[in-house]
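Coordinate analysis (summary)
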Amino acid sequence: MAAELTLDHKLHQVFPGKVVRKDLLHQVKGGENVPSYVLEYLLGKYCASDDPVEVQLGITAVKDTLRTNYFRHDEANKAQAMVEQRGRHRFLDRVEVRFLPSETKYWASMDNFGYNRIHVPDEYYRRYDRLLEGGIWAQVELEYRAPDEKKDSPFHIVDLKPIQLARFDEEEFVDGRGQFTREEWVDALIRTLGLEPDRMDWRLKLLNLVRLIPFVEKNYNFIELGPRGTGKSYAFSEMSPYCILISGGKASTANLFYNNARRQVGLVGHWDVVAFDEVGGMKVNDSDTIQIMKDYMANGRFSRGLAQVHADASLVFIGNLNQPVETLVQNSATDLFQPLPDAFDLAVIDRLHFYLPGWEIPKNAKDLLTTRYGFVTDYLAEAFRLLRKQNRFDALEQYFRLGSHVEGRDASAVKRTVSGLLKLLHPDGAWTKAELAEYLELALEGRRRVKEQLKKRGSFEFYKTSFSYIDGEGGAERIVGVPEQGGARAISPDPLPPGTVYTAAVDAEARVGLYRLEIALTPGAGKLRTPGGLEPSLKESLNRAYAYLQSARDKLGLSPALAQKDIQAEAVDLSGGRVECACGVAFYVAILSALFSRRVLAGAIILGDLTVQGNIKGVSSILEPLQVAMEAGAQRALLPLANKNHVGSLPEEVVERLDIVFYGDPDRAAGKVLES
């Protein structure tokens, strides 16, 4: 508890008036359609105290302000009449000032007041720049003055006090960050989202903060798919006045990008973030929309007629997965982009920078919500907008370089994610090598998740998914996987029953198949029995292994056992890709393991095939299957001698983590991997 109070106290001390208790928002919002960042600004003004009495008085003041000063759109006529009858009234509304060259005059407009020709003293728009840059929420006092001419406006602004931040002190924000540890700063940001960091592990905290990268990184393409009720859309509906959340519906070129008839730029030119909620229900009837989206997602610009348009808006896609992630990963007919509309082809998906695994985010529950202090969201939104102007695209090159499979769009995506995390967590520019490595690994994972699904859809151009990075000092290379792609549980670290062995293979498109082969002995006369659904390549491998066993049965002293036992074989696809797998040696070892009742060494995997005479056939590439095997928990690998010269091309991490053993014939392979 002392640590909690210390962070709250520290936030009050370093950022006075800019933090608020996050649970108070729901107490005052009620049914009013007032943006959360506006309410939090009021709460920050009236409730910036840890004294319960002062907080309660502040809540009362906020509610009074809403009751007397806030009018809905449908009450505009009532509000105008009130000013005329009373002569003056104070409003809570969004105010914008525009200059009309034809009249050489500045006019103010108020959204809910429903009037766009309000006299405004020049002191206000000169003092508050954002009145001219899209407008701000403010407490505005209007006065009614009978006009001298009929065409003149009777409404005059006599006082204006911004309740949405009108000026932002960059130096204060950056210096303030320097007074917190990284862990404290992360917890403060998590609480700003309304969540309690003490109920999260470190990875979950970072995943929640990745949702904020589109706010600080220009032209960032982000997707999150996962179960319902995990708060996917909250950050994009409540965290910033510079973000628009579109719920399903039709996406048109004119609305999103450019209206030729009006010669106006669409949403991407007016917002920092354009987020699509329920993306699975998004309807794209115009093929031009997708083509323009591809250009925009790749370069931040597009052409429409004679117009060349540049924009900075980040694109966010949010949707629900209707099946368990395990099913989507294991089933060769589905992938993790299953909810996306058909119009989202491979080219659109390839332009996504980060896929956040929404299935790792817990569903919203009361015990996950914080009752502590976080930043007023409007204040943080201004900080984010300022951070968008910074460029930390090449920051990772200070210590690291990317592996050979991370190139082109992959490299750009990874660098953008790292840049975004550095802006969020280290706006003061002070980070360590270890922290940078942590962000780099998360960035590689998020982009690899995109690439793995593209590869699963069968396109050869996306086969390079062995994402890694290299330490610029020692030269050590580290491969980064995705947790759902097998993971440490796919290959058991414990010894398996006799007759069980792991194997892997890579096909012509560099897709890796990971299998667990199982052999069972039943009373019989030495027949081989195979299941009907066994893949052709596996069946052929099994038949070759059985043919060689028959020729070597006397030498091995197995004739009596084979005369009384039938051999039943099964292959369990652990990767779900139904990849062809020539694995005769693994089948042969599995049969011997069952016949001799000797277990295969724990964590072992066997690569390679054989002929009916027992000659060994090497594999086309050992890089991809060994990497997948390592990520799945393998501890040792048996390879054909023919592949020995390929070891030099393996990443250093694979060589260090796997005990690699070579064999020249099937019986030597069995001798090296079966327990004595």
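Worth saying up front: this structure is predicted, and the values here are computed from it rather than measured. (Residues numbered from 1 in each chain as written. Predicted model: local features only at pLDDT ≥ 70, side-chain atom pairs only at ≥ 80, totals over all residues. Heavy atoms only, no water.)

To continue, consider the overall build of the chain. Helix and strand counts for the chain stand at 24 helices and 28 strands. In terms of overall dimensions, the chain has C-alpha extents of about 115 × 60 × 50 Å along its principal axes. Put simply, of all contacts in the chain between residues at least 6 apart along the chain, 73% involve residues at least 24 apart. Carbon together with sulfur atoms contributes 47% to the accessible area of the chain, which is approximately 28500 Å² in total. Taking the average place of the 84 positive charges on the side chains of the chain and the average place of its 92 negative ones, the gap between the two points comes to 3 Å. (Helix = DSSP H or I, 4+ residues; strand = E, 2+ residues; numbered from the N terminus. Contact = heavy atoms within 4.5 Å. Areas by Shrake-Rupley, 256 points an atom, 1.4 Å probe, with all protein chains shown as cover. Lys, Arg positive; Asp, Glu negative; His and termini not counted. Charge placed at Lys NZ, Arg CZ, Asp CG, Glu CD.)

Read across the sheet, three strands follow the order S17-S18-S19 without closing on themselves; strand pairing throughout is antiparallel. Here the strands that pair on one side only, and so sit at the sheet edges, are strand S17 (400–402) and strand S19 (477–479). Ignoring strand direction, the axes of neighbouring strands in this sheet form an average angle of 25 degrees. Pairing of strand S18 (residues 468–471) with S19 involves three bridges; the strand directions are antiparallel. Residue pairing in the sheet places Tyr469 in a bridge with Arg478 of S19. (Pairing = 2+ DSSP bridges. Axes fitted to C-alpha atoms, helices over the stretch in contact; angles between N-to-C directions.)

Attention shifts here to the pairing of strand S5 (residues 136–144). Two faces, one strand: in a regular strand the side chains alternate between the faces of the sheet. Among the nine residues of S5, eight are classified as buried, and the element is accordingly described as predominantly covered. Strand direction decides the pairing type here: strand S2 (residues 88–100) and S5, joined by eight bridges, are antiparallel. If you follow Arg88 over to S5, its bridge partner there is Glu143. Inspection of the sheet shows S5 paired to strand S6 (residues 155–162) by seven bridges, in the antiparallel sense. Looking at S6, one finds that Glu141 is bridged to Asp159. (Buried < 20%, exposed > 50% of the residue type's maximum accessible area, 1.4 Å probe, protein only.)

Attention now goes to helix H22 (residues 623–631). When you tally the buried positions in H22, you get eight out of nine residues, the bulk of the element. Within the sequence span of H22, burial applies to Leu623, Glu624, Pro625, Leu626, Gln627, Ala629, Met630 and Glu631. Positive phi appears at Gly633, one or two residues downstream of H22, with a value of about 110 degrees.

As a further point, take the environment of Lys451. Here Lys451 is to be found in helix H18 (residues 433–456). With a relative accessible area of 6%, Lys451 lands in the buried category. Here the alpha-carbon distance between Lys451 and Asp350, two residues 101 residues apart in the chain, equals 7.3 Å. Excluding residues within four positions of it along the chain, Lys451 makes contact with Asp410, Phe462, Lys464, Thr465 and Phe467.

The next subject is the confidence of the model for the chain. Taken residue by residue, the chain gives an average pLDDT of 88. The fraction at 70 or more is 95%. Mean pLDDT per element in the chain: helix H14 (residues 325–330) is the minimum at 71, and helix H10 (residues 213–216) is the maximum at 98. (pLDDT = per-residue confidence, 0-100.)

Moving on to the nonpolar core. Core analysis: the largest hydrophobic core is formed by 87 residues, its most contacted members being Phe15, Phe236 and Phe375. Not counting residues up to four positions away in its chain, the partners in contact with Phe15 are Glu172, Phe173, Gly176, Arg177, Phe180, Trp185, Phe375 and Tyr379. (Core = buried A, V, L, I, M, F, W, Y, C linked by side-chain atoms within 4.5 Å.)

Let us look at the pairing of strand S20 (residues 500–506). A large share of S20 lies buried, amounting to seven of its seven residues. Taking every second residue as pointing to the same face, both faces of S20 are buried, with Thr500, Tyr502, Ala504 and Val506 on one and Val501, Thr503 and Ala505 on the other. The pairing of S20 with strand S21 (residues 512–523) spans seven bridges and is antiparallel. Paired with Ala504 across the bridge in S21 is Leu514. Counting the residues in the hairpin turn of S20 and S21 gives five residues, including Ala510, whose phi is positive at 65 degrees. Relative to strand S24 (residues 604–606), S20 runs parallel, the two being bridged by two bridges. For Thr503, the partnering residue across the bridge sits in S24 and is Ile606.

Take empty space enclosed by the protein next. Applying the stated criterion to the full structure yields five cavities of 30 Å³ or more. Space inside the second largest cavity adds up to approximately 50 Å³. Residue lining of the second largest cavity: Ser492, Asp494, Leu496, Thr500, Val501, Tyr502, Val600, Leu601, Ala602, Gly603 and Ala604, and that is the complete set. Among the elements that line the lining of the second largest cavity, the one with the most residues is S20, at three residues. Within the lining of the second largest cavity, the residues separate by chemical class into seven nonpolar, three polar and one charged. (1 Å grid on protein atoms, 1.4 Å probe; cavity = no way out; pocket = protein on both sides within 12 Å on 5 of 7 lines; lining within 4 Å. Points joined across faces, edges and corners; volume = space filled by probe spheres on them. Nonpolar A, V, L, I, M, F, W, Y, C, P; charged D, E, K, R; others polar.)

Quick look at the packing of helix H9 (residues 202–210) against H18 now. When two helices pack together, their arrangement is given by the angle between the helix axes and the distance between those axes. Axis separation between H9 and H18 bottoms out at 12 Å; the angle between their running directions is 65 degrees. It follows that H9 is roughly perpendicular to H18 by the angle criterion. Read as a crossing pair, H9 and H18 show a hand that is right-handed. Contact residues: H9 offers Trp202, Arg203, Leu206, Leu207 and Val210, while H18 offers Glu438, Leu442, Glu445 and Arg449. Grouping the constituent residues of the contact of H9 with H18 by class yields five nonpolar, no polar and four charged. (Parallel < 35°, antiparallel > 145°, perpendicular 65-115°, else oblique. Left-handed = near helix turned anticlockwise from the far one by under 90°.)

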